[in-house]
Amino acid sequence: MGSSVERMPYISPPPDQPTTERSRLVGLDGIRGLAALFVVLHHCWLMSFPGFPADTGPGWLGWLLYGHFAVVVFIVLSGFSLAVSPARSGWRLSGLRLFGRRRAWRILPPYWAALVFSLTIAWTLVPQPGEGAPTGKSVVLYGLLLQDISGSPSPNGAFWSIAVEAQLYLVFPLMLLLLRRAGTAVMLTVVATAVVPIGLLAPSVSAVDKLMRLTPQFAALFAIGAAAAGIVSATDRWRRFPWQWTVLVAFVPVVLLIVVRGSVWTAEHFFWVDLAIGPAAGLLLVSVAAGRPAPLVRMLDTRPLRSLGSFSYSLYLVHAPIVVVVSEKIVAPHVTRGLPAFLATLALALPISLLFARLFAGIFEIPFQRHRNWPALRTAIRVRLDGLRAAQQRA
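Parameters at a glance
- Residues numbered from 1 in each chain as written.
- Predicted model: local features only at pLDDT ≥ 70, side-chain atom pairs only at ≥ 80, totals over all residues.
- Heavy atoms only, no water.
- Helix = DSSP H or I, 4+ residues; strand = E, 2+ residues; numbered from the N terminus.
- Rg over C-alpha atoms; globule rule 2.2 N^0.38 Å.
- Buried < 20%, exposed > 50% of the residue type's maximum accessible area, 1.4 Å probe, protein only.
- Contact = heavy atoms within 4.5 Å.
- Areas by Shrake-Rupley, 256 points an atom, 1.4 Å probe, with all protein chains shown as cover.
- Lys, Arg positive; Asp, Glu negative; His and termini not counted.
- Charge placed at Lys NZ, Arg CZ, Asp CG, Glu CD.
- pLDDT = per-residue confidence, 0-100.
- Core = buried A, V, L, I, M, F, W, Y, C linked by side-chain atoms within 4.5 Å.
- Expected span 1.5 Å × (residues − 1).
- Phe/Tyr/Trp six-rings, centres within 6.5 Å; stacked < 30°, edge-to-face > 60°.
- Axes fitted to C-alpha atoms, helices over the stretch in contact; angles between N-to-C directions.
- Parallel < 35°, antiparallel > 145°, perpendicular 65-115°, else oblique.
- Nonpolar A, V, L, I, M, F, W, Y, C, P; charged D, E, K, R; others polar.
- Bend = angle between axes of the 7 residues up to and from the residue.

1. What to know about the overall build of the protein
In step 1: Each helix and strand counted, the protein has 18 helices and 0 strands in total.
In step 2: Taking 395 residues into account, the globule formula puts the C-alpha radius of gyration at 21 Å, and the protein, at 21 Å, falls close to it.
In step 3: Dimensions of the protein, computed from C-alpha atoms along their principal axes, come out at roughly 65 × 60 × 45 Å.
In step 4: A total of 395 residues make up the protein; the buried ones form 51% of that total.
In step 5: Pairs at least 24 apart in sequence give 76% of the contacts found in the protein among residues at least 6 apart.
In step 6: Accessible area of the protein: about 17900 Å², with a carbon and sulfur share of 67%.
In step 7: In the protein, 34 positive and 16 negative side-chain charges are present, and the distance between their average locations comes to 11 Å.

What follows is the structure in structure tokens.
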């Protein structure tokens, strides 16, 4: 789980836009919820069937091996979500300082709380697979979101991606500037021109190969998502276009390639496969934002999936230590490895992760999403405490 191949797919937190701005884009929280669930299943699979990227499990569970591709969908979704509001305003941000403050406010409190939780689990119960106990260097690097720049024992297999996301925020205003002044094609071309040579040169140039640690293809995926957000300000003609069929046209060839070449080849070529899936992911978001296909949008907008999506970021942040503890401390000593271990791990780790993540989100994520600065948060806490005191007095 801690290696570069087995790193956990990233699930971006919901954007910090007001609910009224997002009310027409139904289905996005549902996508987040399903992907969060998939990531938990994926890591239960990894803990039960050794040998990744080889497929050592039963054939009917082979799809769980590809949890990495959740990262593709959600990096694209991250760019899409953040670009929705600028797309409605001529690709303009409300201000660089405000953007940076809101993103830090949205991401860092739950991340730092999950870091404390993960360090506690790693130091007292069990570290992440393939990792030693976190060191002081781990605390500094992970606390400052520098973990993808310099290596150290990881307290949580998910945290690499939070640093990547923070770095993408730095280039996001430049992407919007290109969208505003030069258009979608130019922006995507500029990003691709910066990213593709890294993949081409990395196998033969050691200095370039070091850049692969930064997962440069995610910049292109993020740009695809930002460009796809233009659908929110498109004409009715474009919104009525049957985007769902373009998703199939873009997605099916990649699936066939993965099936034909197998999991080992696919994992060795994540850079290129990620880039191939990116357009399909962007078209999927365009299709859902345009309300098509209607049955899928209705399913994604059901209350359970919306609820799951509302705390998907917390689920992503905290589930890895829980899965590892359940697998290594509870299941492994008593259950045969393989399918029995997978079923037992899933039966225990999934409900525990969901319950803990929901409680965690209620404290460290949702309040920061609803109240966007310290004065507002302090006022909300004071009102809540006053209400509890009044209730106690009445009792």
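2. What to know about the confidence of the model for the protein
Low pLDDT means the predicted coordinates in that region are not meant to be read closely.
In step 1: The share of residues in the protein with pLDDT of 70 or more is 94%, and the mean pLDDT across the chain is 91.
In step 2: Overall, residues 1-6 carries pLDDT values under 50, and its contacts beyond four positions in sequence, including any with other chains, amount to 18 contacts.
In step 3: Confidence over residues 17-23 falls short of pLDDT 50; this stretch has 15 contacts with residues more than four positions distant or in other chains.

3. Looking at the environment of I258
In step 1: Relative to the elements of secondary structure, I258 occurs in helix α11 (residues 243-268).
In step 2: Along the primary structure I258 and I231 are separated by 27 residues, whereas in three dimensions their C-alpha atoms are 30 Å apart.
In step 3: Other than its neighbours up to four places away in sequence, I258 contacts Y66, F69, T266 and V273.

4. Examining the nonpolar core
In step 1: Within the largest apolar cluster, 116 residues are counted, with the highest numbers of intra-cluster contacts made by W45, F80, Y111 and L317.
In step 2: Broken down by element, this core gets its largest block of residues, 13 residues, from helix α3 (residues 69-87).
In step 3: When sequence neighbours within four positions are dropped, the list of residues in contact with W45 reads F52, A54, D55, T56, G57, L61, L64, L65 and F342.

5. Structural notes on helix α9 (residues 217-228)
In step 1: Here α9 contains 12 residues, and its C-alpha end-to-end distance of 17 Å stays within 8% of the 16 Å for a straight helix at 1.5 Å per residue.
In step 2: Most of α9 sits inside the fold, with 12 of its 12 residues counted as buried.
In step 3: Buried residues in α9 make contact with α3, α6 (160-181), α7 (184-201) and α12 (270-289).

6. Points about the packing of aromatic side chains
In step 1: A complete count under the given rule lists 21 aromatic pairs for this structure.
In step 2: An angle of 50° between the planes, with centres 6.4 Å apart, marks the rings of Y142 and F159 as tilted. In this pair, Y142 is assigned in helix α5 (residues 136-143) and F159 in the loop between α5 and α6, connecting sequence segments 17 residues apart. Across the pair, exposure class does not vary: Y142 and F159 are buried alike.
In step 3: Consider the rings of W238 and W243, whose centres lie 6.1 Å apart with planes at 25°: the pair is stacked.
In step 4: Relative accessible area serves as the criterion here: at 45%, W238 is assigned to the partly exposed category.

7. With respect to the packing of α6 against α7
In step 1: The geometry of α6 relative to α7 is characterised by a closest axis approach of 7 Å and an angle of 140° between their N-to-C directions. Taken together, the axes of α6 and α7 lie oblique to each other. Taken together, the residues of α7 that come into contact with α6 (itself represented by M175, L178 and L179) are T184, M187, V190 and V191.
In step 2: Grouping the amino acids of the contact of α6 with α7 by side-chain chemistry returns 6 nonpolar, 1 polar and no charged.

8. A closer look at the environment of L188
In step 1: You can see L188 is positioned in helix α7.
In step 2: By relative accessible area, which is 29% here, L188 ends up partly exposed.
In step 3: Between the C-alpha atoms of L188 and G59, which are 129 residues apart in sequence, the distance is 38 Å.

9. Here's the deal with α7
In step 1: Given a rise of 1.5 Å per residue, 18 residues ought to cover 26 Å, and the 26 Å separating the end C-alpha atoms of α7 matches this to within 8%.
In step 2: Largest kink in α7: about 30°, centred on T193, with the proline P197 one to four residues after it.
In step 3: Within α7 the residues assigned to the buried category are M187, V191, V195, I198 and G199.
In step 4: Contacts made by the buried residues of α7 are with α6, α8 (206-209), α9 and α12.

10. Concerning unusual backbone geometry
In step 1: The residue after F52, namely P53, is reached through a cis peptide bond having omega 15°.
In step 2: Along the chain, the position of P53 falls in the loop between α2 (28-48) and α3.
In step 3: Between R292 and P293 the backbone carries a cis peptide bond, its omega angle lying at -10°.
In step 4: Examined against the element boundaries, P293 turns out to sit in the loop between α12 and α13 (294-300).

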